[in-house]
Amino acid sequence: LQSLVDSSKNGKVTIIAHSNGGLLAKALLKKLQDDKVAGRNNLIDKVDVLILVAVPEIGTASAVPAIMHGYDQQMMGGWLLDKIHAREFGRNMLGAFGLLPSREYINHISASPATFVDFAIPSNVTTKLVQAFGSAIDSYDEYKSFLMGGEGRTNPLSSQTNLPISLSQDLFNKTESLHDSIDAFIPPLSLRVIEVAGWGLDTVASFEYYPKPCTVSLGCGFTLDERPRFTSDGDKTVVVPSAHFMSFLGNVEKYWVDLPEHNRQLRTLRRNREHKDILEVGSLNNLVQSILEKEDIIFDTVLKNSKPIYTGNLLRLAIHSPVTLDAYDIDGNHTGKICPPNFDFCYVEENILNSSYLEFGEGKYISIPEDQMKSIKLQGTDVGTFTYESEKVLPDDTSATSSFVDIPVTTQTQAEITLNPNTQNPELKLDVTGDGITDFTLAPSA
């Protein structure tokens, strides 16, 4: 920073930070603020603007299952890095702990990072969790206790990624000290602070532990599984309240990037931009340029100074093994998982506009705008039953779920789900023998 000050024509430096870089920037500025108070230097006065882009200032809920289960951390479909090794990295990596929800996250964001379900007859897989924490984490002390295994769990084998590990108390304490410091950072009035949040993409807001019935072949009652809960108030990784954490201060500006609208405007050059590549959004780069050149910020249909409004319906689709889950739009674009024959790894395609695919625990999940969906195709991968859920989320954030429950399946089973053009409710065409002929057409169960 001193080197940049020395080479700057006006003696000032602008800091632009994305994602975890924003935590580093705030740690730097907090240190410089303390240095000035202690009379060591006045370097903080040389920083004129701080631009935070999609920064998980008080953490992100998706970091909890990422560290405890290796969720969504695979690289190249697990070929380069699988979730077993990803979890081992995360549990020993201080930087990963820094992304966990902080004390301010638990105090300010209403969605609990973890919830718990048990049955009337104790399942013996989530029973201790419910007894210790109730149905949801609702205090910072409970949150810390859960991360450290306060209900009495033992660390599972590395291959048992469905079972949560207990986190390192030492690493968590260091992260806690970091966040207690930077979350309390109040920028000086001379520093212009701008927070930019990505909006409109389904983002993990919480995850739920529940007892899943075992298959008959395993000869057991229940096994532990997890399922995500989503919000569209985020960029697929960071929820907006975390990216706008300092906005309660009067001298902090906050803006939104409407990612669904940006993706719609790309048309044939479409690539679904999200948290990791939000700096590829042209309107956001225009904002940065305007600030550097001290010009007025120009707002448009993508960059906004108030929360965007989505007027369409969103479908959140979920299915539990043993079947695949693939979505197609009217142009044949595909969102789902592809496992090419004679290859050692699979990969995920998300070619449908503003769609996403993820696997979480034993479930597979697709988010897709209702107007983009033509059909959903399923293929059996084992003998058992599957349950398919389709949640329709309306613009006012209310929702209704249609389900096909306990459908028998074999490796020959194929199914296609489409929306009835009259009712807009899903219907399932089931091909039991895989001969291409529909044997049953089913309506959702009550």
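Residues numbered from 1 in each chain as written. Predicted model: local features only at pLDDT ≥ 70, side-chain atom pairs only at ≥ 80, totals over all residues. Heavy atoms only, no water.

Caption draft 1: Molecular detail of the pattern of salt bridges. All told, the structure shown has 23 salt bridges when counted by the stated rule. The partner of aspartate 35 in a salt bridge is arginine 40, and the shortest N-O contact between them spans 2.9 Å. Aspartate 35 gets classed as buried once you look at its relative accessible area, which sits at 4%. We note a salt bridge from lysine 144 to glutamate 176, for which the minimum N-O separation is 3.3 Å. Of the two residues, lysine 144 is situated in helix α8 (residues 140-147) and glutamate 176 in helix α9 (residues 169-182); the sequence distance between them amounts to 32 residues. Given the relative accessible area of 24%, lysine 144 is considered partly exposed. Classification of glutamate 176 by relative accessible area gives buried; the value is 13%. Among the charged side chains, a network of salt bridges with common partners joins Arg103, Lys144, Glu176 and Asp180. (Salt bridge = Lys/Arg side-chain N within 4 Å of Asp/Glu carboxyl O. Buried < 20%, exposed > 50% of the residue type's maximum accessible area, 1.4 Å probe, protein only. Helix = DSSP H or I, 4+ residues; strand = E, 2+ residues; numbered from the N terminus.)

Caption draft 2: Structural context of the sheet that holds strand β9 (residues 314-320). Reading across from one edge, β13-β14-β9-β16-β17 is the order of the five strands in this open sheet, with antiparallel pairing throughout. Both outer strands of the open sheet, β13 (356-360) and β17 (399-409), are each paired with one neighbouring strand and no more. Across the sheet, the mean angle from the axis of one strand to that of its neighbour is 15 degrees, orientation sign disregarded. Relative to strand β14 (residues 363-369), β9 is paired through seven bridges, and the arrangement is antiparallel. From the neighbouring strand, leucine 314 faces β14, where its bridge partner is proline 369. (Pairing = 2+ DSSP bridges. Axes fitted to C-alpha atoms, helices over the stretch in contact; angles between N-to-C directions.)

Caption draft 3: A look at the side chain of threonine 60. Checked against the element boundaries, threonine 60 lands in the loop between β2 (47-53) and α3 (63-69). Beyond its immediate sequence surroundings of up to four residues, threonine 60 is in contact with Leu99, Leu100, Pro101, Tyr105, Thr237 and Val238. (Contact = heavy atoms within 4.5 Å.)

Caption draft 4: Quick look at the packing of aromatic side chains. Summed over the entire model, instances satisfying the criterion amount to 14 aromatic pairs. When the centroid spacing of 5.5 Å and the interplanar angle of 65 degrees are considered together, the rings of phenylalanine 116 and phenylalanine 146 count as edge-to-face. Here the residue phenylalanine 116 occupies a position in strand β3 (residues 114-116), and phenylalanine 146 occupies one in helix α8, the gap between them amounting to 30 residues. By the burial criterion, phenylalanine 116 is buried, and phenylalanine 146 matches it. Among the aromatic side chains, those forming a connected cluster through ring pairs are Tyr71, Phe116, Phe133, Phe146, Phe207, Tyr209 and Phe360. Between arginine 153 and the ring centre of phenylalanine 146, over which it is positioned, the NZ or CZ distance is 5.4 Å. (Phe/Tyr/Trp six-rings, centres within 6.5 Å; stacked < 30°, edge-to-face > 60°. Lys NZ or Arg CZ within 6 Å of the ring centre and 35° of its normal.)

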